[in-house]
Amino acid sequence: MYSFQQNQATATKQHDEGAFQRVSVNLTGRLMLPNHDEFACLAVDMSPGDVVFSCDARPRAGERIIAYVDHVGRIEGTVSRLAENAFVIKINATDRKREKLAAQLTWIANRHELGLPEDRRHDRLAPRKTRTDITLEDGSKLACRIIDLSLSGAAVDIESRLPIGTSVLLGSMRGRVVRYFQEGMAIEFLGIQSRDALREFL
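Throughout what follows, the structure given in this document is the object of discussion. (Residues numbered from 1 in each chain as written. Predicted model: local features only at pLDDT ≥ 70, side-chain atom pairs only at ≥ 80, totals over all residues. Heavy atoms only, no water.)

1. A few points about the overall build of the protein
- When you go through the protein residue by residue, the secondary structure sums to three helices and twelve strands.
- A total of 202 residues make up the protein; the buried ones form 49% of that total. (Helix = DSSP H or I, 4+ residues; strand = E, 2+ residues; numbered from the N terminus. Buried < 20%, exposed > 50% of the residue type's maximum accessible area, 1.4 Å probe, protein only.)

2. Some remarks on the nonpolar core
- Membership of the largest hydrophobic core comes to 25 residues, with the highest contact counts inside it found for Leu31, Met46, Phe53 and Val69.
- Going through the elements one at a time, strand E1 (23-32), strand E2 (38-46), strand E3 (50-55), strand E4 (64-69), strand E5 (73-83), strand E6 (86-91) and helix H2 (95-114) are the ones with two or more residues in this core.
- A total of four residues in this core trace back to one element, the largest contributor, which is E1.
- Grouped together as the second largest cluster of nonpolar side chains are 21 residues, Leu151, Leu162, Met173 and Ala197 included. (Core = buried A, V, L, I, M, F, W, Y, C linked by side-chain atoms within 4.5 Å.)

3. Side note on the sheet that holds strand E7 (residues 131-136)
- Sheet architecture is closed into a barrel: six strands sit in the order E7-E8-E9-E12-E11-E10, paired in antiparallel fashion. Neighbour-to-neighbour, the strand axes of this sheet turn through a mean angle of 45°, independent of strand direction.
- Where strand E9 (residues 153-157) and strand E12 (residues 184-189) come together, five bridges link them in antiparallel fashion. Along E12, the bridge assignment pairs Val156 with Met185. (Pairing = 2+ DSSP bridges. Axes fitted to C-alpha atoms, helices over the stretch in contact; angles between N-to-C directions.)

4. Topic: the sheet that holds E6
- One closed barrel accounts for six strands, arranged E1-E2-E3-E6-E5-E4; its pairing is antiparallel. Each strand axis lies, on average, 45° off the axis of its neighbour in the sheet, ignoring direction.
- Across four bridges, E1 lies against E4 in antiparallel orientation. Bridging across to E4, Gly29 finds its partner in Val69.

5. A word on empty space enclosed by the protein
- Within this structure, the stated rule accounts for one cavity of 30 Å³ or more.
- Taken together, Arg30, Glu38, Tyr68, Thr130, Arg145, Ile146 and Ile147 make up the full set of residues lining the largest cavity.
- The element that contributes the greatest number of residues to the lining of the largest cavity is strand E8 (residues 141-149), accounting for three residues.
- Across the lining of the largest cavity, the residue classes break down as three nonpolar, one polar and three charged. (1 Å grid on protein atoms, 1.4 Å probe; cavity = no way out; pocket = protein on both sides within 12 Å on 5 of 7 lines; lining within 4 Å. Points joined across faces, edges and corners; volume = space filled by probe spheres on them. Nonpolar A, V, L, I, M, F, W, Y, C, P; charged D, E, K, R; others polar.)

6. A few points about the pairing of E6
- Judged by how many residues are buried, E6 sits mostly within the fold: five of six residues are covered.
- The pairing of E3 with E6 spans five bridges and is antiparallel. Residue pairing across strands places Asp50 opposite Lys90, the latter belonging to E6.
- Where E5 meets E6, six bridges bridge the pair, whose relative direction is antiparallel. Bridge pairing links Arg81 to Val88 in E6.
- Adjacent in sequence and paired antiparallel, E5 and E6 are bridged by two residues, among which Asn85 carries a positive phi angle near 60°.

7. Focus: the pairing of E7
- Relative to E8, E7 runs antiparallel, the two sharing five bridges. From the neighbouring strand, Thr132 faces E8, where its bridge partner is Cys144.
- A loop of four residues connects E7 with E8, the two strands running antiparallel in sequence, and Gly139 in this loop sits at a positive phi of about 90°.

8. A few points about the side chain of Asp50
- In this fold, Asp50 is placed in strand E3.
- Overall, Asp50 belongs to the buried group, its relative accessible area being 2%.
- A distance of 3.0 Å separates polar atoms of two side chains, one belonging to Asp50 and the other to Arg22. (Polar contact = N/O pair within 3.5 Å; in protein donor to acceptor, adjacent residues only side chain to side chain.)

9. Considerations on the packing of aromatic side chains
- As enumerated under the stated definition, the model contains one aromatic pair in all.
- Pairing Phe53 with Phe87 gives two aromatic rings, centres 6.0 Å apart and planes at 50°, and the pair type is tilted. Here Phe87 lies in strand E6 and Phe53 lies in strand E3, a separation of 34 residues in the sequence. Exposure class is identical for Phe53 and Phe87. Each is buried. (Phe/Tyr/Trp six-rings, centres within 6.5 Å; stacked < 30°, edge-to-face > 60°.)

The following block contains the structure:
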């Protein structure tokens, strides 16, 4: 079974590129350049220290990138290497965040070997419209950023942590808060949505 633990123990304090062992992944997401342009992306190799993105974006070396990657969440870093249709970012994170990322990557690397199911019943979709509001039962609205969507739920980046079980409206879709993660919270829709219902965000 794959594990990052030994690799972490021998990694340098500076988290230099190559200090961590990468694992091949195939995780979709979206990333934002310093000028706020957003692009769909695919993380193809990742370690707790860096990540290789395949993307139409053309950042420059040293530029800061913010990405939201399926199963991983928010990643921040600077471009350390460029290649044709791909680039590497050196991840800027605390040791605690790196430990969490190592655990996530271990799970991803072992998922197929162990026959584990995906943690989402339906394919995740990267929205084109990411900024919207969540409407509460009293009619009040909270600004949020959609990280990803599926026919059964959504992950949103939001400052306020609503209690688990809170009923919310995301666009025209009713749901409830089911869990938290570092960047925000997950919403489970009350019923399986059609792609037409998601169209306003895609």
